[in-house]
Amino acid sequence: MSAAHVVERIDFDALLDALARRGYTIVGPTVRDQAIVYDEIASSMDLPVGWTDEQEAGQYRLRRRDDEALFGYAVGPHSWKQYQLPAEVKLWRARVDQDGALSDVTEPARDTPRYAFLGARSCELHAIGILDRVLLGGSHTDPADSARTQDLFIVAVQCGEAGGTCFCVSMKTGPVAERGFDLALTEVLEERRHYFVVEVGSERGADVLAEVPHTQAHGSERDAAGAVHARTASQMGRELDVTEIKELLYRNLDHPQWEEVAERCLTCGNCTMVCPTCFCTTVEDVTDLAGDHVERHQRWDSCFTVDYSGIHGGAVRGSAKSRYRQWMTHKLATWHDQFGSSGCVGCGRCITWCPVGIDLTAEAAMIRASDREGTSAPGSGSPSMIRASDSGAPGAPGGPK
Amino acid sequence: MKGLEDLIADASVFAGLEPRRLALIAGCAGNAHIRAGTMLFQEGQPADRFFLIRHGAIALEVHSPGTGSHVIETLGEGEVVGWSWLFKPYRWQFDARAIQPARLVAFDGACLRAKCDADHELGYQLMQRFASAMLERLQATRLQLLDIYGDARTPA
Amino acid sequence: MHAPQLELSRPGRGPMVPAPFEVVAKRRDTVDTWTLELEPRSGELLRFAPGQFTMLSAGGAGEVPISISGDPGRPERLVHTVRAVGLATRAICDADPGRVLGVRGPFGTPWPVEEVRGLDVVVAAGGIGLAPLRPALIELLSRRGEYGRLVLLYGGRAPDQLLYGDQLRDWAERGFEVLVTVDGAGPEWLGHVGVVTRLVKRAELDWTTAAAMLCGPEVMLRFMVTALLDQGVSSGRIYASMERNMQCGIGHCGHCQLGPTLVCRDGPVYRWSELERWLAIREL
């Protein structure tokens, strides 16, 4: 890392004060309902001080640490997408005239707070970038979307430990954030000292840091931060081989593994809710009882619902198998063709929050292990489906291939 | 346990063929069985063989997004499944799915075409029988098209 | 193929806010299909390329993607042919002259009327699929000399469910070979009866260099493509308009995904060779 600075734990709140003075609404991790979620933060004591999380497929619980780390956990069920793309947005409201015309169309004032994200992890920075590309990178952009995050201030945190379901190393999205932040903190806990090694990522970040008591980082402090990074990188709970994964999934769309996972998948959509890049929304028009006014709402939707793919006649993806396949292949494969990158950042949320513990890294591995490359077109009646049993006929050569 | 030739001889589509020619046909055949629900073949795939149903039932279907699979016809014991192996471009036009577990005799289409090319009498005999079976299906399909049970004019 | 960069955002109005268009004329085509002609209340014309669609709404009854079926050379009238199959389309079809509908768009990729210049072109439509093709037919005829033979193959369920009857005659007079068939008919029908794929063999053109534009139910598209490929048409010159669930029209909501594409952005008009592989997978 380049020039770095050190802020002592005792001075941490000066950082929050500096942001507050600039009119930012600080949102960051906090404990609520036995999970670490994102909400407004006023002081460092609102953070999950001394907490860590234990995550596995279908499991999440908090546990007390034996230190007072502010950021000693991985990511929880919330992601920053709730600020980029809120769960419910009123797009406009209008009056409906006698002739059906809409008048007085008012779009809500774009007065969303100026957010400062405190504690964004490297995987999340990638997710924010990916979601920005979806919402703002196309030929049609809604100004409301860009208004929400154009003034965003990001204080990233370099992960001090990997979560049980993390695989950012495989996705090359972490654990160390290299760009996309205004400031990045690495928390270092030593026997007698608790401090943060701070990297500056922008001029705005430098200005804010100037108002926080800090020193130039010594070599030993930089090394301590480096050690934290290396330790986290070695602790990944999962791995995903992404070698040509798009092509792998494209040629295995009829793989029997999809049937297998469909027997477990409840199509509950939890994975889409917690995923930081899932962006699907549904648009609904709502009228009042008198029919005088109509509002257009945009709500989070999930490709796991049957209605999602409904056309005249019914749903294109009626079976659970087709819906799970849609989600996983979108995330890992078609996203590349649609938006130029993977849709997955390796945060592991979908694995942790799946009630039956479905793990997309395991599903991908199963498919890779029995890749059907080289076999003829799917379902062609290969020997696996039709078993020839040459009974009786003497000298009957070549049964069905 | 019947030999392949006996099984083929029993089928009405091969009725009346002399033993020598039945043996030729059997030389391109083998037994097969398939579980209920499995696809025998799919629209668009290479049609390299056809099947005689010994036991069980096969549904010919068309799949459409939204409405799903629509069964056009079901075929049962003694019936032949698949004609696209006879004519270029040798590709299946429909899906076929076992609706019951089925025991089949599977015929290698290329093998049989080659034998017909070499023995025109065999070819003529087979074409007569196949044409007859196809005509029967065509006539049945035309009746199906009439939608005779439907109401006069119901909008879609 | 990318959508042409046509002016669509209105000053101060986001792409999710509809513009008001008044119904000025309405005609019933069949028992459940109407053609509506609309004019913009705000005076701002909606310029479009043939094959594009708008998101259409009536009051608060919901919004649906409907292909534009009018003349691209006369954008002062926005024409839509709509089939009443659900709440939103029923509300639109109920709108009489004087009613105002909401319009967003145009969206989507157009028919390749430029790319196929100089070639023989076969246009194949099934049922209401003729509506999204109508602007292309008009465009092709408006520059008749730039194309080779023009053939329209049109199939419907029954004679009383055919669209644009009088215009079919007009198109035949102006340079299209028009072949029409129905699935079933009474004795008063003197035209073809049979599936639309059977018309392929009756048309006369240079199949190996011809281009084809298809619109209709997906099953019809698949069988039509097979019939065209059998005649020698190259799959790189076959184009089809596809349908999936579209909600936002602007590539944000995710609903219209078809394999690696978004139908509202990469379609609805696709080159068949790009789609073939995805359409072979059930429930993709």
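In this text the structure is predicted, and so the values were computed from the model without any measurement.

## With respect to the overall build of chain C
Helix and strand content of chain C: six helices and 15 strands. Over its C-alpha trace chain C gives a radius of gyration of 18 Å, about what one expects of a compact globule, namely 19 Å for 284 residues. For the C-alpha atoms alone, the extent of chain C along its principal axes is close to 50 × 45 × 40 Å. Every one of the 284 residues in chain C was classed for burial, and the buried ones make up 55%. Considering only intrachain contacts with a sequence separation of at least 6, the fraction spanning at least 24 residues in chain C is 71%.

## Quick look at the overall build of chain A
A tally of helices and strands in chain A yields 13 helices and 17 strands. Overall size of chain A, expressed as C-alpha extent along the three principal axes, is 90 × 70 × 35 Å. Considering chain A as a whole, with its 401 residues, one finds that 45% of them fall into the buried category. Considering only contacts within chain A whose residues lie at least 6 apart along the sequence, 70% involve residues at least 24 apart.

## Details of the sheet that holds strand S3 (residues 35–40) of chain A
All names here are of chain A. Read across the open sheet, the eight strands follow the order S3-S2-S8-S9-S10-S11-S1-S12; overall the sheet is mixed. Each end of this open sheet is capped by a strand with a single partner; those strands are S3 and strand S12 (215–216). Here strand S2 (residues 25–32) runs beside S3; their pairing, made up of six bridges, is antiparallel. Each residue of the ladder has a partner; that of Gly28, found in S3, is Asp39. Here helix H6 (residues 203–210) sits on the sheet in contact with strand S1 (4–8), strand S9 (153–158), strand S10 (183–190) and strand S11 (193–200), set at roughly 145 degrees to S11.

## Regarding the domain arrangement of chain A
Residues and elements named next belong to chain A. We note that the domain assignment places domain 1 (4–86 + 111–233) and domain 2 (245–280 + 302–369) within chain A. One C-alpha centre belongs to domain 1, the other to domain 2, and the line joining them spans 28 Å. Between domain 1 and domain 2, the residue contacts involve 27 residues of the former and 23 residues of the latter. If you tally residues by element for the side of domain 1 that touches domain 2, the top one is helix H3 (residues 122–136), at eight residues. Of the residues in the side of domain 1 that touches domain 2, the class split is 15 nonpolar, nine polar and three charged.

## Observations concerning the interface of chain A and chain C
Chain A puts 43 residues into the contact, and the matching count from chain C is 40 residues. Going through the elements one at a time, strand S6 (88–96), strand S7 (102–106), helix H4 (143–149), strand S13 (281–287), strand S14 (293–300), strand S15 (310–311) and helix H11 (320–339) of chain A are the ones with two or more residues in the side of chain A that touches chain C. At six residues, the largest contribution of residues to the side of chain A that touches chain C is made by S13(A). Considered class by class, the residues forming the side of chain A that touches chain C number 19 nonpolar, 16 polar and eight charged.

## What about the nonpolar core?
Note that soluble globular proteins tend to have their nonpolar side chains buried in a common cluster. If you look at the biggest cluster of nonpolar residues, it comprises 192 residues, and the most contacted ones within it are C:Leu101, C:Val123, C:Leu153, C:Ala212, C:Leu214 and C:Tyr239. If you tally residues by element for this core, the top one is H3(A), at eight residues. Setting aside chain neighbours within four positions, we find C:Leu101 in contact with A:Gly100, C:Phe21, C:Val23, C:Leu38, C:Leu56, C:Ser57, C:Ala58, C:Ile92 and C:Ala95. In terms of nonpolar packing, the next biggest core, distinct from the first, is built from 32 residues, B:Leu7, B:Ile25, B:Ile34 and B:Ala96 among them.

## Looking at helix H7 (residues 219–233) of chain A
All names here are of chain A. Over its 15 residues, H7 runs 21 Å from end to end, which matches the ideal 21 Å to within 8%, given 1.5 Å per residue. Turning to H7, its buried residues are Glu221, Ala225, Val228 and Thr232. For H7, the buried positions fall inside an angular range of 50 degrees around the axis, keeping them on one side. Exposed residues lying more than 90 degrees from the buried face of H7 are Gly219, Ser220, Asp223, Ala227 and Ala230. Contacts from the buried residues of H7 go to S1, S9, S10 and S11.

## Looking at the confidence of the model for chain A
Detailed conclusions should not be drawn from predicted coordinates in areas where pLDDT is low. Residue-level pLDDT values for chain A average 90, and 92% of them are 70 or greater. Here residues 375–401 of chain A scores under 50 on pLDDT; set against residues more than four positions off or in separate chains, the count is 55 contacts.

## Some points on the sheet that holds strand S5 (residues 78–83) of chain C
Residues and elements named next belong to chain C. With respect to topology, six strands assemble into an open sheet ordered S4-S3-S6-S1-S2-S5, the strand pairing being antiparallel. Two strands close off the open sheet at either side, each with one partner strand: strand S4 (63–67) and S5. For this sheet the average axis-to-axis angle between neighbouring strands, irrespective of direction, equals 40 degrees. Sitting on the sheet, helix H1 (residues 87–94) touches strand S2 (33–40), strand S3 (53–57), S4, S5 and strand S6 (100–107), and the angle it makes with S5 is about 125 degrees.

## Regarding the domain arrangement of chain C
Residue and element names in this part refer to chain C. According to the domain assignment, chain C consists of domain 1 (19–107) and domain 2 (121–241). With centres defined by C-alpha atoms, the gap from domain 1 to domain 2 works out at 24 Å. Between domain 1 and domain 2, the residue contacts involve 14 residues of the former and 13 residues of the latter. Looking at the side of domain 1 that touches domain 2, the elements with two or more residues in it are strand S1 (19–30) and S5. Here the side of domain 1 that touches domain 2 is composed, by residue class, of three nonpolar, eight polar and three charged.

## Some words on the pairing of strand S5 (residues 59–64) of chain A
All names here are of chain A. Relative to S5, strand S4 (residues 51–56) is paired through six bridges, and the arrangement is antiparallel. Within the sheet, the bridge partner assigned to Glu54 lies in S5 and is Arg61. Between S4 and the antiparallel strand that follows it, S5, lie two residues; Gly58 among them carries a positive phi value of about 75 degrees.

## Examining the pairing of strand S3 (residues 49–55) of chain B
All names here are of chain B. Where burial is concerned, most of S3 is hidden: five out of the seven residues are buried. Both S3 and strand S8 (residues 102–108) contribute to a ladder of six bridges, which runs antiparallel. Across the sheet, the residue bridging to Phe51 is Ala106, located in S8. Sheet topology note: the S3/strand S6 (residues 80–81) ladder contains two bridges and is antiparallel. Pairing of Leu52 across the sheet is with Val80, part of S6.

## What about unusual backbone geometry?
Peptide bonds are, in most cases, trans, and in most cases residues other than glycine have a negative phi. The omega torsion across B:Lys88 and B:Pro89 is 5 degrees, close enough to zero to call that bond cis. Backbone torsion omega between C:Gly267 and C:Pro268 reads 10 degrees, so that peptide bond is classified as cis. By the element assignment, C:Pro268 lies in the loop between helix H5 (263–266) and strand S15 (269–271). Look at A:Lys172: it is not a glycine, yet its phi comes out positive at around 55 degrees. With respect to the helices, strands and loops of the structure, A:Lys172 is situated in the loop between helix H5 (168–171) and S10. With 11 C-beta atoms packed within 10 Å, A:Lys172 lands in the exposed category. The backbone phi angle of A:Thr267 is positive, close to 50 degrees, even though this residue is not glycine.

## Structural notes on the environment of C:Asp32
By the secondary structure assignment, C:Asp32 is in the loop between S1 and S2. Between the C-alpha atom of C:Asp32 and that of C:Leu137, which follows or precedes it by 105 residues, the distance is 23 Å.

## Some remarks on the confidence of the model for chain C
Residue and element names in this part refer to chain C. When pLDDT is averaged across chain C, the result is 92; 96% of the residues are at 70 or more. Counted against residues more than four places away or in other chains, residues 1–10, with its pLDDT under 50, gives 19 contacts. Here the predicted complex carries an ipTM of 0.90, next to a pTM of 0.89.

## Focus: the environment of A:Ser146
All names here are of chain A. For Ser146, the position within the fold is in helix H4. Ser146 sits 11 residues away from Leu135 along the chain, and the two C-alpha atoms are 8.0 Å apart. Those residues in contact with Ser146 that lie beyond four places of it in its chain are Leu136 and Thr141.

## Some thoughts on the environment of A:Arg296
As for its placement among the helices and strands, A:Arg296 is situated in strand S14. Measuring from C-alpha to C-alpha, the distance between A:Arg296 and A:Asp285 comes to 4.4 Å, with 11 residues separating the pair along the chain. Apart from the residues lying within four places of it in its own chain, the contact partners of A:Arg296 are A:Leu91, A:Trp92, A:Val283, A:Asp285 and C:Met16.

Reading the values: the criteria
Residues numbered from 1 in each chain as written. Chains lettered and ligands numbered in written order. Predicted model: local features only at pLDDT ≥ 70, side-chain atom pairs only at ≥ 80, totals over all residues. Helix = DSSP H or I, 4+ residues; strand = E, 2+ residues; numbered from the N terminus. Rg over C-alpha atoms; globule rule 2.2 N^0.38 Å. Buried ≥ 20, exposed ≤ 12 C-beta atoms within 10 Å, placed from the backbone. Contact = placed C-beta atoms within 7 Å. Pairing = 2+ DSSP bridges. Axes fitted to C-alpha atoms, helices over the stretch in contact; angles between N-to-C directions. Domains from an automatic or database assignment. Nonpolar A, V, L, I, M, F, W, Y, C, P; charged D, E, K, R; others polar. Core = buried A, V, L, I, M, F, W, Y, C linked by C-beta atoms within 7 Å. Expected span 1.5 Å × (residues − 1). Arc of directions from axis to C-beta. pLDDT = per-residue confidence, 0-100.

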